[in-house]
2 protein chains.
Amino acid sequence: MIIDHIGIVVKDMQKGIEHWNDLFGYKQMTEIVENTRQKVNVVFMHKDNSQLIKLIEPTDETSPIYAFSKKGGGLHHLCFKCDDISTQLSEFKTKGIRTLAQPEPGEAFDNENIAFVYAKQGLNIELIDTDKKANIL
Amino acid sequence: MIIDHIGIVVKDMQKGIEHWNDLFGYKQMTEIVENTRQKVNVVFMHKDNSQLIKLIEPTDETSPIYAFSKKGGGLHHLCFKCDDISTQLSEFKTKGIRTLAQPEPGEAFDNENIAFVYAKQGLNIELIDTDKKANIL
């Protein structure tokens, strides 16, 4: 498993995109995709030789990240690519890692399954399959 | 500027090292280095083709990261490599970015200067010079 991207919560998507472009030179890589179940908008941003990032904006007050965004947002999760999500979740389970949500289609990943776990020590982890890439523009 | 590493706060360094090794296959890359001014211990961990990470443990209750570690720890900052810290700080200043600490020797970087800024939108950012690498074992 290697890190695919860093998930970063923002209050306002357009301001977040401008912020990452202006300060760090990151470019928008995908369209903004809405996840209606998680009630978030997400967008991927990239820069050559630098870690891929994903900006996440809540779409309403019932979004799981709404409270975090209200506090200002910031670093939220790390997403790891794994060979098989189900196998990885089973392995995590034997190690006492808590699954936050069952695997479900990730709109930003061509509706392939993603999963979220709480990996102890304050770490929210997202899992995607190794061969998946974010939908590009 | 590209991301050099992800800074992650842990309550207990040995448990953090074991956690990242056991769950994600990361290996300890450096010795544990104490920063007496910031009152933290830091260690770098790596995995082929995956983003470098740095674990940070407070050494006492007056450490700036103590409260965060007590709440469980987790993702804390992103460190960017830049061509020249002073130039980058000046540029950030014109954009209203707040410097959290003046450039000071980073023990884990051969005592070359590092700097911390608060880049708005909840982001703590560390800066190091491009040619610097963490002291290795």
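Notes on the structure in this doc start here. This structure is a prediction, so every number in the text was calculated from the model and none was measured.

### Notes on the pattern of salt bridges
Evaluation of the coordinates by the stated rule reveals 10 salt bridges over all chains. Across the salt bridge formed by A:K81 and A:D4, the nearest N and O atoms sit 3.7 Å from each other. Of this pair, A:K81 sits in strand β6 (residues 74–82) while A:D4 sits in strand β1 (residues 2–9); the two residues are 77 residues apart in sequence, bridging distant segments of the chain. A salt bridge links A:E91 to A:K95; the shortest N-O distance between them is 3.3 Å. Ionic contacts of the salt-bridge type, sharing partners, join the residues A:D22, B:E91 and B:K95 into one network.

### Brief notes about the layout of surface pockets
Its boundaries defined by the atoms lining it, the second largest pocket holds a volume of some 580 Å³. Lining the second largest pocket are 29 residues, and of these A:N49, A:S50, A:Q51, B:S50 and B:Q51 sit closest to its centre. Within the residue set of the lining of the second largest pocket, elements represented by two or more residues are β1 of chain A together with β1 (2–9) of chain B. Residues belonging to the lining of the second largest pocket are distributed by class as follows: 12 nonpolar, eight polar and nine charged.

### As for the nonpolar core
The biggest cluster of nonpolar side chains holds 56 residues, and the ones touching the most others in it are A:W20 and B:W20. Once residues lying within four places of it in the same chain are set aside, the contact partners of A:W20 are A:I8, A:G25, A:Y26, A:M45, A:I53, A:L55, B:L78, B:F80 and B:L123.

### Some details on helix α3 (residues 85–94) of chain B
Within α3(B) the residues assigned to the buried category are B:I85, B:Q88, B:L89 and B:F92. Relative to the axis of α3(B), the buried residues are bounded by an arc of 100° and lie together on one face. The exposed set on the far side of α3(B), more than 90 degrees from its buried face, consists of B:T87 and B:T94. As for α3(B), its buried residues are in contact with α1 (13–24) of chain A together with β6 (74–82), β7 (98–106), β8 (112–118) and β9 (124–129) of chain B. Two or three places before B:S86, at the start of α3(B), stands the capping residue B:D84, its side-chain oxygen 3.3 Å from that residue's backbone nitrogen.

### Quick look at the relation of the copies chain B and chain A
Two copies of one chain are present, and they are related through a rotation about an axis combined with an axial shift. Between chain B and chain A, which share one sequence, the superposing operator has a rotation angle of 180° and an axial displacement of 0.0 Å; the RMSD is 0.0 Å. Both copies of the chain, as the preceding transformation shows, are related through a two-fold rotation axis. Distance from the rotation axis, computed per C-alpha, reaches its smallest value in chain B at B:L75: 3.1 Å. Interface overlap between copies: 100% of the residues of chain B at the interface are likewise at the interface in chain A, consistent with a symmetric, same-surface contact.

### Let's talk about the interface of chain B and chain A
Each partner contributes to the interface: chain B provides 38 residues, whereas chain A provides 38 residues. Both sides together, the interface formed by chain B and chain A hides about 3000 Å², and carbon and sulfur atoms give 66% of it. The tally of links from chain B across to chain A stands at two salt bridges. For B:K95, the salt bridge goes to A:D22, with nearest N and O atoms at 3.1 Å. At the junction of chain B with chain A, the criterion picks out 10 residue pairs in polar contact (both at pLDDT 80 or more). Residue assignment for the side of chain B that touches chain A shows that the elements contributing at least two residues are β1, α1 (13–24) and β6 of chain B. Ranked by residues supplied to the side of chain B that touches chain A, first place goes to α1(B) with seven residues. Tallied by class, the residues present in the side of chain B that touches chain A amount to 20 nonpolar, 12 polar and six charged.

### What to know about the pairing of β6(A)
Along a regular strand, successive side chains alternate from one face of the sheet to the other. Residue and element names in this part refer to chain A. A large share of β6 lies buried, amounting to nine of its nine residues. The pairing of β1 with β6 spans seven bridges and is classified as antiparallel. The residue of β6 that forms the bridge with V9 is G74. By the bridge criterion, five bridges tie β6 to strand β9 (residues 124–129) in an arrangement that is parallel. Across the sheet, residue C79 finds its bridge partner in β9, namely E126.

Definitions and cut-offs
- Residues numbered from 1 in each chain as written.
- Chains lettered and ligands numbered in written order.
- Predicted model: local features only at pLDDT ≥ 70, side-chain atom pairs only at ≥ 80, totals over all residues.
- Heavy atoms only, no water.
- Salt bridge = Lys/Arg side-chain N within 4 Å of Asp/Glu carboxyl O.
- Helix = DSSP H or I, 4+ residues; strand = E, 2+ residues; numbered from the N terminus.
- 1 Å grid on protein atoms, 1.4 Å probe; cavity = no way out; pocket = protein on both sides within 12 Å on 5 of 7 lines; lining within 4 Å.
- Points joined across faces, edges and corners; volume = space filled by probe spheres on them.
- Nonpolar A, V, L, I, M, F, W, Y, C, P; charged D, E, K, R; others polar.
- Core = buried A, V, L, I, M, F, W, Y, C linked by side-chain atoms within 4.5 Å.
- Buried < 20%, exposed > 50% of the residue type's maximum accessible area, 1.4 Å probe, protein only.
- Contact = heavy atoms within 4.5 Å.
- Arc of directions from axis to C-beta.
- Polar contact = N/O pair within 3.5 Å; in protein donor to acceptor, adjacent residues only side chain to side chain.
- Least-squares fit on C-alpha atoms with pLDDT ≥ 70 in both.
- Buried area = accessible area lost by both parts, 1.4 Å probe.
- Pairing = 2+ DSSP bridges.

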